[in-house]
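Coordinates in review
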Amino acid sequence: AAPEITAVICTTGARDCLAAAAASLAEQTLERDQYEVVVVLNHPDPAAFAAFQDSLDVLRSPDAPCRIVLLQEPVPGLSQARNTGLRAARGRYVAYLDDDAVADPKWLELIVAAFRRDPEVASVGGDIHPLWEADKPRWITSPMYAYFSCVKYGQAEKYMPAGSYFFGANMAFTKEVLDACGGFPTNLGRKKNNLLSNEEWPVFEFIDARGLKKWYSPAISVKHLVHRSRMTAVFFVRRLWWQGISN
């Protein structure tokens, strides 16, 4: 039987934190038959995919708590990889988690419950808390956290207003709405070493234009690793420059 929700992780395979992200999805409180995990390797080399499969074999053992599917997307680009995960998804809902993020154990259970409560909800999301790899420099203050893909939307559950959007490290949609809008635009989103962004915006604009709802809950949370290499002024200036290009 098809699961209720599919969780998708996209990765280039360059980070050693993927196992923790996948493990956090394997340890969800949602019943085992209600979800699946799709991991998409965005890399052109078949040999890299073989090594990638070996590295996650422990999560695909018969004792794994959920169905885990490993796929390869050779065309570079985060949007390309996300769309590959979307096409493979069997669930009614599709949730995306970054490969350097760790989901709360109740993440999928709460997402599914939010969709079930209101059939007009097309997207569900929550907070992304920073997980600093090293001591945070004093010049990095909370208004700057968004540029490290960390965000807090409030203290209480609510419907998000038109024009607002969830960050890619913690967002979920009905598969129906993602299919209807054609997924994520491949001219936006990370590609190789650039920091292109904003690939989520057209999807949320599609949702707003049709009068559909977006539900936020602070309990639907993940922790996002902020790498030591990104806690520098050089990275921050580069991140802002690419944000301008994206806009």
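To keep things clear, this report deals only with the structure shown in the data block. Within each chain, residues carry numbers counting from 1 in the order of the written sequence. Side-chain atom pairs in this predicted model are given and counted only at pLDDT of 80 or more, local residue features only at pLDDT of at least 70, and totals for whole chains, interfaces and linings cover all residues. To get the side-chain values, take all heavy atoms of the structure and skip hydrogens and water.

1. Here we look at the pattern of salt bridges
- Between Lys or Arg on one side and Asp or Glu on the other, a salt bridge is scored when a side-chain nitrogen of the former is within 4 Å of a carboxyl oxygen of the latter. For the coordinates displayed, the defined rule picks out 12 salt bridges.
- The partner of E36 in a salt bridge is R90, and the shortest N-O contact between them spans 3.1 Å. Of this pair, E36 sits in strand 2 (residues 35-41) while R90 sits in the loop between helix 3 (78-88) and strand 4 (93-98), placing them 54 residues apart in sequence.
- The exposure class of E36 is buried, given its relative accessible area of 0%.
- Any residue under 20% of the maximum accessible area for its type is buried, any over 50% is exposed, and the rest in between are partly exposed; the area is computed with a 1.4 Å probe on protein chains only. With a relative accessible area of 36%, R90 lands in the partly exposed category.
- A salt bridge links K213 to E120, with the shortest nitrogen-to-oxygen separation between them at 3.5 Å. Of this pair, K213 sits in strand 10 (residues 213-216) while E120 is found in the loop between helix 4 (107-117) and strand 6 (121-125), placing the two residues 93 residues apart along the sequence. What counts as a helix is a DSSP run of H or I of at least four residues, what counts as a strand is a run of E of at least two, and both are numbered from the N terminus.

2. Brief notes about the sheet that holds strand 7 (residues 128-132)
- For two strands to be treated as a pair, DSSP must find at least two bridges joining them. Judged by pairing direction, the sheet is mixed, and its 3 strands sit side by side in the order 5-11-7 without closing on themselves. The open sheet has two edge strands, strand 5 (101-103) and strand 7, and neither has a second partner. Sheet twist, expressed as the mean angle between neighbouring strand axes with direction ignored, is 25 degrees. A fitted line through C-alpha atoms represents every axis, and for helices the fit uses only the stretch in contact; the resulting angles, taken between N-to-C directions, go from 0 to 180 degrees.

3. Remarks on the sheet that holds strand 1 (residues 5-11)
- Across the sheet, 8 strands lie side by side as 3-2-1-4-9-6-10-8; this open sheet has mixed pairing. On the outer flanks of this sheet lie strand 3 (67-72) and strand 8 (158-159), each paired with one strand and no other.
- The pairing of strand 6 with strand 10 spans 4 bridges and is classified as parallel. Pairing of G125 across the sheet is with Y216, part of strand 10.
- The contact criterion used is simple: two residues touch if any of their non-hydrogen atoms lie within 4.5 Å. Packed on one face of the sheet, helix 1 (residues 18-26) meets strand 1, strand 2 and strand 4 and runs near 175 degrees to strand 1.

4. Let's talk about the pairing of strand 1
- Within strand 1, 7 of the 7 residues are buried, which leaves it mostly tucked inside the rest of the structure.
- Alternating positions in strand 1 separate into two faces, I5, A7, I9 and T11 on one and T6, V8 and C10 on the other, with burial throughout.
- In the sheet, strand 1 pairs with strand 2 via 7 bridges, with the strands oriented parallel. In the strand pairing of strand 2, T11 is matched with L41.
- Relative to strand 4, strand 1 runs parallel, the two sharing 6 bridges. Residue A7 lies in a different strand from strand 4, and its bridge partner there is A95.

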